[in-house]
Amino acid sequence: MTDCIFCEIVKGDIPKDFRFKDENVLAFDDIHPVAKVHVLFIPKEHIAAFENLFDDAILSSIRKGIQKIVEQNDLVGKGYKIIVNGGGGQVINHLHFHLIGPTGLHAPVV
Ligand code: AMP
Ligand code: ZN
C-alpha cells in the first residue's frame, strides 16, 4: 500500500535489522522504545488493524516470533507485555504487535 511506512519497510525502502522474519511476518525494533526490548511484529501483507486480520497463519507466525524474542532476551521471570492498538487507537494503520519487556512481575495492564 502507498503511504504506509510499514509497507515501505516490507519493500526494503527503509532498511531495518530484522529480529525475526518468516514467510508471513517481519519484526524490528521500535524507533521509540519504552523498554530494553521493544519489538514490533508486522504482517508482510498490508492489514490495517487487528479487526481486519483473518489469516491464522499470520497469527501463528507472530506467536512464533514473539516466543523466539522472549526466549532470546530471557524475559520469562522478568515480565513482558504484548500490546496491539486497534479500532482507531493505533497511530500506524498497518497491523503491528508490540512486544515490550522487561516489565517486572505483576505489572499493571498499562
Ligand atoms: P501504535 O501507536 O500502536 O500505532 O504504534 C506505532 C509504533 O510504531 C510507535 O511505537 C512508533 O514508535 C513506531 N514506529 C513508527 N515509525 C517507525 C519506524 N520507522 N521504525 C520503527 N518503529 C516505528
Ligand atoms: Zn502497510
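Reference entry: report on the structure contained in this document.

Judged by nonpolar contacts, the single largest core of 17 residues is most densely connected at Phe 41, Ile 62 and Ile 66. Residue assignment for this core shows that the elements contributing at least two residues are strand E2 (25–29), strand E3 (37–43), helix H2 (56–72) and strand E5 (97–101). In terms of residues, this core owes the most to one element, H2, which gives 5 residues. Those residues within four positions of Ile 66 in sequence are excluded, and the remaining contacts are Phe 41, Ile 82, Phe 97 and Leu 99. Grouped together as the second largest cluster of nonpolar side chains are 8 residues, Cys 4, Phe 6, Phe 28 and Ile 42 included.

With that settled, the discussion passes to the side chain of Asp 30. Residue placement: Asp 30 occurs in the loop between E2 and E3. One buried charged residue, Asp 30, remains without a salt bridge, the closest side chain of opposite sign being Lys 16 at 8.3 Å. Within the local environment of Asp 30, its side chain forms a polar contact with the backbone nitrogen of His 32, the two atoms lying 2.8 Å apart. Apart from residues lying up to four places away in sequence, Asp 30 is in contact with His 38, Leu 40 and His 98.

This part takes up the side chain of Gln 90. Secondary-structure assignment places Gln 90 in the loop between strand E4 (81–83) and E5. Here Gln 90 falls in the buried class, since its relative accessible area comes to 9%. In this structure, Gln 90 is in contact with Ala 48, Ala 49, Asn 85 and His 96, ignoring residues within four places of it in sequence.

Before going further, it helps to examine the sheet that holds E2. Read across the open sheet, the 5 strands follow the order E1-E2-E3-E5-E4; overall the sheet is antiparallel. Each edge of the open sheet carries a strand with a single partner, namely strand E1 (20–21) and E4. Relative to E2, E1 runs antiparallel, the two sharing 2 bridges. Bridging across to E2, Phe 20 finds its partner in Ala 27. Where H2 meets the sheet, it contacts E1, E2, E3, E4 and E5, and its direction lies at approximately 160 degrees from that of E3.

Checked against the element boundaries, Pro 15 lands in the loop between helix H1 (5–11) and E1. Along the chain, Pro 15 and Asn 52 lie 37 residues apart, while their C-alpha atoms are 27 Å from each other.

Another aspect to go through is the site of ligand 1. In the vicinity of ligand 1, 15 residues are found, and the nearest of them are Asp 30, Asn 85, Val 91, His 96 and His 98. Val 91 is positioned such that a nitrogen or oxygen atom in its backbone is 2.7 Å from an oxygen atom of ligand 1. Take Ile 92: an N or O atom from its main chain is 3.0 Å from an oxygen atom of ligand 1. Here ligand 1, which alone exposes 510 Å², has 85% of that area covered by the protein. Here ligand 1 is seated within the largest pocket. If you list the elements that add at least two residues to the shell around ligand 1, you get H1 and E2. Here the shell around ligand 1 is composed, by residue class, of 7 nonpolar, 5 polar and 3 charged.

Rules used throughout
Residues numbered from 1 in each chain as written. Chains lettered and ligands numbered in written order. Predicted model: local features only at pLDDT ≥ 70, side-chain atom pairs only at ≥ 80, totals over all residues. Heavy atoms only, no water. Core = buried A, V, L, I, M, F, W, Y, C linked by side-chain atoms within 4.5 Å. Buried < 20%, exposed > 50% of the residue type's maximum accessible area, 1.4 Å probe, protein only. Helix = DSSP H or I, 4+ residues; strand = E, 2+ residues; numbered from the N terminus. Contact = heavy atoms within 4.5 Å. Lys, Arg positive; Asp, Glu negative; His and termini not counted. Salt bridge = Lys/Arg side-chain N within 4 Å of Asp/Glu carboxyl O. Polar contact = N/O pair within 3.5 Å; in protein donor to acceptor, adjacent residues only side chain to side chain. Pairing = 2+ DSSP bridges. Axes fitted to C-alpha atoms, helices over the stretch in contact; angles between N-to-C directions. Near = heavy atom within 4 Å. Areas by Shrake-Rupley, 256 points an atom, 1.4 Å probe, with all protein chains shown as cover. 1 Å grid on protein atoms, 1.4 Å probe; cavity = no way out; pocket = protein on both sides within 12 Å on 5 of 7 lines; lining within 4 Å. Sits in = over half its atoms within 2 Å of the grid points. Nonpolar A, V, L, I, M, F, W, Y, C, P; charged D, E, K, R; others polar.

Any functional reading would require information that these geometric values do not contain.
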